Structure formats: structure tokens, C-alpha cells
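Spelled out from the first residue to the last, the chains are:
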Amino acid sequence: MARNTGNYRAVYGFPESADAARRLAQALDIPCHIADLHRFPDGESLVRLPEPVERAIVYRSLDRPNDKLVELTLASSVLRRQGATDLCLVAPYMAYMRQDAIFKPGEPVSQTVVGEWLGRCFDRFVCVEPHLHRTHTLDEVFVGRPAIALSGAAPIADHLRAAGVKPGTVIVGPDEESAPLVEAVAGPLGLTGVVGRKERRGDRDVTVALPPDAPIHDRPVVIVDDVISSGETIFSCARAARVLGADTVRVYGVHALFNDTVAGRFAAEGLGRPLSCDGVPHPSNALPLDGLIAEAIQSFAGE
Ligand SMILES: O=P(O)(O)OC[C@H]1O[C@H](OP(=O)(O)OP(=O)(O)O)[C@H](O)[C@@H]1O
């Protein structure tokens with residue numbers, strides 16, 4: 001039987017995430033090529049890609065996105081010029097999704113701007129746990145382009161299962177928007193899920209409140225969220241769980257965007273090492289996404 005590659009013939013990766021691109025290519029059993037990036041003294045980028053193919057996957061997460069957006073645009077231009085007719089962008093972390101509304105006068109809806117930009121460069125999209133809070137589907141972001149939003153729940157649940165999660169563990173999310181992730185982690189493990197209420201007043205000014213009657217007293221708590229950036233959401237949520245008498249608190253974030261200073265604060269807050277999926281390269285990576293992403297790509301076969 002012919003292998004299912006979603007009809008794609010190669011994965012093109014970038015140096016900072018070359019290993020993850022190679023793992024995806026291996027899961028699909030197609031070649032992987034890593035872009036050659038050059039940064040000119042004036043800060044401009046040059047992208048060189050070898051071995052053009054007609055149907056190509058471009059793999060790159062858009063954490064620290066500004067240069068990466070330009071480089072992806074240049075990469076899509078190279079591939080089109082060399083004859084590509086179908087380009088699928090696999091961006092496990094999709095950038096600018098959090099500015100999905102005008103919060104203060106004079107602001108853009110960055111999510112729409114970036115969605116339209118990338119929609120001019122790529123034909124299909126696969127993202128993991130994109131921050132879809134006020135917009136609900138990727139179809140609203142990449143209008144007219146097939147796009148798959150994968151949940152980060154299965155890798156987290158698999159990791160908890162393999163680690164021998166204790167019965168009675170409570171899965172906690174910091175806000176209403178985390179409810180689908182909480183349910184999708186807790187449900188298959190037969191655990192209870194609890195969701196808090198988050199108030200964000202600034203980039204690093206966040207408070208999470210948990211329901212006072214949440215069944216947390218003397219029980220292990222696992223906090224799950226889509227993104228860990230400043231860490232303030234997690235730290236506030238962990239403190240709220242402790243106030244309710246949590247026995248232990250562990251943390252899983254789908255996308256780890258935090259720096260070493262924030263990593264150090266996990267220990268200071270009495271939390272163990274947080275674990276993340278490998279979509280954004282980070283020392284906390286422990287949960288591989290390649291199998292999940294490969295299945296999504298394979299679902300494009302026949303279209
Ligand atoms: O580590 P931190 O810096 O606290 O950031 C991470 C949090 O921020 C995001 O939500 P955000 O509050 O941006 O968005 P929302 O208003 O869409 O819930 C995300 O869902 C996390 O909960």
C-alpha cells in the first residue's frame with residue numbers, strides 16, 4: 001500500500017527547529033531540507049532553500065515572530081518561483097493570535113492582519129492549540145484556506161498517563177477559554193476538571209481566581225494552559241490552588257514562550273519544572289507533536 005504523505009513531497013524546516021522538522025518528515029516518510037538563513041549586517045534576511053518540489057510542507061513555529069514572518073514570506077516566494085503549487089504551513093505556534101480584537105482605540109486586529117498576510121503565501125495551515133478566544137476557528141483567521149487547529153490535550157494526557165497520574169488528581173485551567181483543554185485532558189483520564197476566572201490588567205499583571213468550592217483540598221493539581229509567557233497566569237493560578245489546599249501542583253503548557261528568568265521563578269514559587277509540547281523549541285519540551293501533526297497532514301490526502 002502506498003504511504004500516506006498527504007500528497008506532500010518534502011518538509012522544509014528552519015535552523016532553530018530543524019530537529020522537529022526532521023521528526024515530522026520522518027513520521028511522513030518524506031525528505032526534509034533545512035533552509036539556509038543569512039542575516040545581512042543591516043538586519044535583513046536572506047533565505048535559500050534546496051530541492052524544490054510541487055507540494056511542500058514548510059515547518060516553523062512563530063514564537064518571536066517578526067523576522068520569522070518575513071523569512072516565511074521569502075521562503076514561500078522561493079518555492080512558488082520554483083514551481084510549488086501547494087504549500088502547507090505547519091506552524092505549531094501561530095503568532096499574533098492574542099490580539100484578536102481592538103482592546104483600546106487605535107489598535108489593529110493583528111490576528112486578521114497576520115492571517116491575511118500568511119494566507120497570501122500558503123495554501124493550507126496546521127497549528128497546535130492556536131489562541132482562539134474571541135474567534136473560534138482558524139477558518140476565521142485564514143479565510144478561504146483549509147486549516148486545522150490541533151488540540152494539545154492528547155500529548156498532555158498521554159504524558160500524565162505514562163507518568164502514572166494519581167487518582168483524585170484535579171486538572172485546572174486558569175480561565176474559561178482553557179475549558180476545552182481541561183476537559184480534553186481530564187475526560188479520557190477519568191479526572192475532575194476545574195476552570196478559573198482570569199483578570200488581566202497588563203502584560204505581567206494577572207490574577208486568577210478559582211471557584212471556592214472547587215474540590216482541590218488535599219488533592220494533586222495539574223494546571224494546563226495553551227501558552228506560558230510571563231508565567232504570571234500560572235503563578236497566580238498555582239497560588240489560588242494552594243489557598244484551596246492543593247496537595248501538590250504541577251504545570252503543563254502547550255507552548256513555552258518563557259525565558260530563563262521566568263523558568264527560575266517556577267522553583268521560587270514552589271512549582272516543579274513545567275513541561276511543554278515541542279512545537280516551540282524550549283528546555284521544558286517533553287511532549288512530542290510529530291505524530292499528531294503527521295495525522296493532520298495525512299487527512300489532506302485526497303483533497
Ligand atoms: O504567561 P502569561 O504572560 O500570563 O500569558 C499566558 C496567558 O495569556 C494568554 O491569555 P491572554 O490573557 O493573553 O488572553 P485572553 O484575554 O484571550 O484570555 C494565554 O491563554 C495564557 O492564559
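Since we're looking at a predicted model, the values are computed, not measured.

## A short note on the domain arrangement of the chain
Working step 1: Annotation of the chain at the domain level lists domain 1 (10-150 + 288-300) and domain 2 (153-272).
Working step 2: Look at where the C-alpha atoms of domain 1 and domain 2 centre, and you get two points 28 Å apart.
Working step 3: The interface is formed by 11 residues belonging to domain 1 together with 12 residues belonging to domain 2.
Working step 4: Run the count over domain 1 and domain 2 and you get zero salt bridges.
Working step 5: At the boundary of domain 1 with domain 2, the tally comes to three residue pairs in polar contact (both at pLDDT 80 or more).
Working step 6: For the side of domain 1 that touches domain 2, the class distribution of residues is six nonpolar, two polar and three charged.

## Thoughts on the UniProt feature "domain: Ribose-phosphate pyrophosphokinase N-terminal" (unreviewed entry) in the chain
Working step 1: The UniProt record marks residues 17-118 with the feature "domain: Ribose-phosphate pyrophosphokinase N-terminal" (unreviewed entry), using the residue numbering of this structure.
Working step 2: Across residues 17-118, the secondary structure splits into 36% helix and 22% strand, with the terminal C-alpha atoms separated by 19 Å.

## With respect to the sheet that holds strand E13 (residues 221-228)
Working step 1: The strand order across the open sheet formed by six strands is E10-E9-E13-E14-E15-E16, and the pairing between neighbours is parallel. Bordering the open sheet on either side are strand E10 (192-195) and strand E16 (285-287), each of which pairs with just one other strand. Averaged over neighbouring strand pairs, the angle between their axes works out to 35° when direction is ignored.
Working step 2: Relative to strand E15 (residues 275-277), strand E14 (residues 249-256) runs parallel, the two being bridged by two bridges. Along E15, the bridge assignment pairs Gly-253 with Ser-276.
Working step 3: Sheet strands in contact with helix H4 (residues 153-162) are strand E9 (170-173), E13, E14, E15 and E16, and its direction is about 145° off that of E14.

Reading the values: rules and limits
Residues numbered from 1 in each chain as written. Predicted model: local features only at pLDDT ≥ 70, side-chain atom pairs only at ≥ 80, totals over all residues. Heavy atoms only, no water. Domains from an automatic or database assignment. Contact = heavy atoms within 4.5 Å. Salt bridge = Lys/Arg side-chain N within 4 Å of Asp/Glu carboxyl O. Polar contact = N/O pair within 3.5 Å; in protein donor to acceptor, adjacent residues only side chain to side chain. Nonpolar A, V, L, I, M, F, W, Y, C, P; charged D, E, K, R; others polar. UniProt positions renumbered as here; feature names shortened; annotations may be inferred. Helix = DSSP H or I, 4+ residues; strand = E, 2+ residues; numbered from the N terminus. Pairing = 2+ DSSP bridges. Axes fitted to C-alpha atoms, helices over the stretch in contact; angles between N-to-C directions.

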